[in-house]
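# Structural description and commentary
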Amino acid sequence: MQMMDRVVVPLRVFLVLLFAGLVFAQVVSLPGQFGQLKGDGADLRWPLTVFSIVEVVCVQVVIVCIWRLLTLVKADRIFSEKAFGWVNVILSAMAAGWVLLLGMTIYLSLRADDPGLPILLIGLVLAGGVVLLLMVVMRALLRQATTLQTDMEAVI
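Calculation rules
- Residues numbered from 1 in each chain as written.
- Predicted model: local features only at pLDDT ≥ 70, side-chain atom pairs only at ≥ 80, totals over all residues.
- Heavy atoms only, no water.
- Helix = DSSP H or I, 4+ residues; strand = E, 2+ residues; numbered from the N terminus.
- Buried < 20%, exposed > 50% of the residue type's maximum accessible area, 1.4 Å probe, protein only.
- Contact = heavy atoms within 4.5 Å.
- Areas by Shrake-Rupley, 256 points an atom, 1.4 Å probe, with all protein chains shown as cover.
- Lys, Arg positive; Asp, Glu negative; His and termini not counted.
- Charge placed at Lys NZ, Arg CZ, Asp CG, Glu CD.
- Core = buried A, V, L, I, M, F, W, Y, C linked by side-chain atoms within 4.5 Å.
- Axes fitted to C-alpha atoms, helices over the stretch in contact; angles between N-to-C directions.
- Parallel < 35°, antiparallel > 145°, perpendicular 65-115°, else oblique.
- Left-handed = near helix turned anticlockwise from the far one by under 90°.
- Nonpolar A, V, L, I, M, F, W, Y, C, P; charged D, E, K, R; others polar.
- pLDDT = per-residue confidence, 0-100.
- Patch = residues over 30% accessible without salt bridge, like charges linked within 9 Å, V, L, I, M, F, W, Y side chains within 5 Å.
- Salt bridge = Lys/Arg side-chain N within 4 Å of Asp/Glu carboxyl O.

## Observations concerning the overall build of the protein
A tally of helices and strands in the protein yields four helices and zero strands. The helix and strand sequence of the protein, counted from the amino end, reads α-α-α-α. Projected onto its principal axes, the C-alpha positions of the protein cover 70 × 30 × 20 Å. Expressed as a percentage of its 156 residues, the buried residues of the protein come to 29%. Within the protein, counting contacts between residues at least 6 apart in sequence, those at least 24 apart form 71% of the total. Per element, the accessible surface of the protein, about 10,100 Å² overall, is 74% carbon and sulfur. Distance from the positive charge centre (11 side chains) to the negative charge centre (10 side chains) of the protein: 9 Å.

Next up, the structure:
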């Protein structure tokens with residue numbers, strides 16, 4: 001269990017720092033950044049602000065769920081049905097964020113007069129899709145491990 005503490009404790013520190021940085025971004029940075037839009041981009045001020053804040057909320061939900069999963073890991077209860085609830089919330093938040101990103105990518109790509117932004121956004125959509133599908137695979141692996149542990153406990 002000491003090995004687990006060497007991983008879980010620093011991970012929790014990083015999660016707290018990341019969460020605090022995201023709160024700062026939500027409250028100060030993102031509204032300030034998009035509030036500076038002028039000219040052709042001024043009509044995107046509020047849509048981009050709302051979009052970015054909702055995306056950050058999706059990441060914050062994932063952070064909270066990871067924290068809860070780490071609690072289950074420390075208690076040696078990760079292979080339980082309770083873990084699936086948290087994993088499902090992670091998948092839901094990631095799917096919501098991905099759909100919003102896809103929608104914003106389509107919208108901004110149709111308005112773009114330079115291919116740079118659409119190419120970057122399409123890359124982010126693809127990367128987000130990979131991470132989302134990877135989480136689906138990880139949930140399936142968790143299901144298999146939980147079933148295997150339950151079967152082993154029934155034998156013993």
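## As for the nonpolar core
Ranked by size, the top nonpolar core spans 17 residues in total, and within it Leu30, Leu48, Leu101, Met104 and Leu108 carry the most contacts. At the level of secondary structure, the elements contributing two or more residues to this core comprise helix H1 (2-35), helix H2 (45-74), helix H3 (81-111) and helix H4 (116-155). It is H1 that provides the largest number of residues to this core, a total of six residues. The residues contacting Leu30, other than those within four sequence positions of it, are Ala25, Ser52, Ile53 and Val56. Core analysis: the next-biggest nonpolar cluster, separate from the first, contains 14 residues, Leu69, Phe84, Val87 and Leu142 among them.

## Some details on the packing of H3 against H4
Running from N to C, H3 and H4 point in directions that differ by 165 degrees, and their axes come no closer than 9 Å. Relative to H4, H3 is oriented roughly antiparallel. The hand of the H3/H4 crossing is left-handed. Split into classes, the residues belonging to the contact of H3 with H4 amount to 22 nonpolar, six polar and three charged.

## As for the environment of Trp67
Examined against the element boundaries, Trp67 turns out to sit in helix H2. C-alpha of Trp67 to C-alpha of Arg77: the two residues are 10 residues apart in sequence and 14 Å apart in space. Leaving out residues up to four positions away in the same chain, Trp67 has contacts with Arg12, Leu15 and Val16.

## Here we look at the confidence of the model for the protein
With 99% of its residues at a pLDDT of 70 or more, the protein shows a mean pLDDT of 93. By mean pLDDT, H1 is the weakest element of the protein at 91, and H3 is the strongest at 96.

## A few points about the packing of H2 against H3
At a closest axis distance of 9 Å, the pairing of H2 and H3 adopts a crossing angle of 160 degrees. Here H3 runs roughly antiparallel to H2, going by the angle between their axes. Of the two possible hands of crossing, H2 and H3 adopt the one that is left-handed. Broken down by class, the residue content of the contact of H2 with H3 amounts to 23 nonpolar, one polar and three charged.

## Observations regarding a nonpolar patch on the surface
A cluster of nonpolar side chains, contributed by Val9, Val13, Phe14 and Leu17, occupies part of the molecular surface with about 400 Å² of accessible area. Topologically, Phe14 is positioned in helix H1. Residue classification places Phe14 among the exposed residues on the basis of a relative accessible area of 57%.

## Topic: the side chain of Glu55
Looking at where Glu55 falls in the secondary structure, it is placed in helix H2. Despite its burial, Glu55 pairs with no opposite charge, the nearest such side chain being Arg111 at 17 Å. In this structure, Glu55 is in contact with Gly97, Leu100 and Leu101, ignoring residues within four places of it in sequence.

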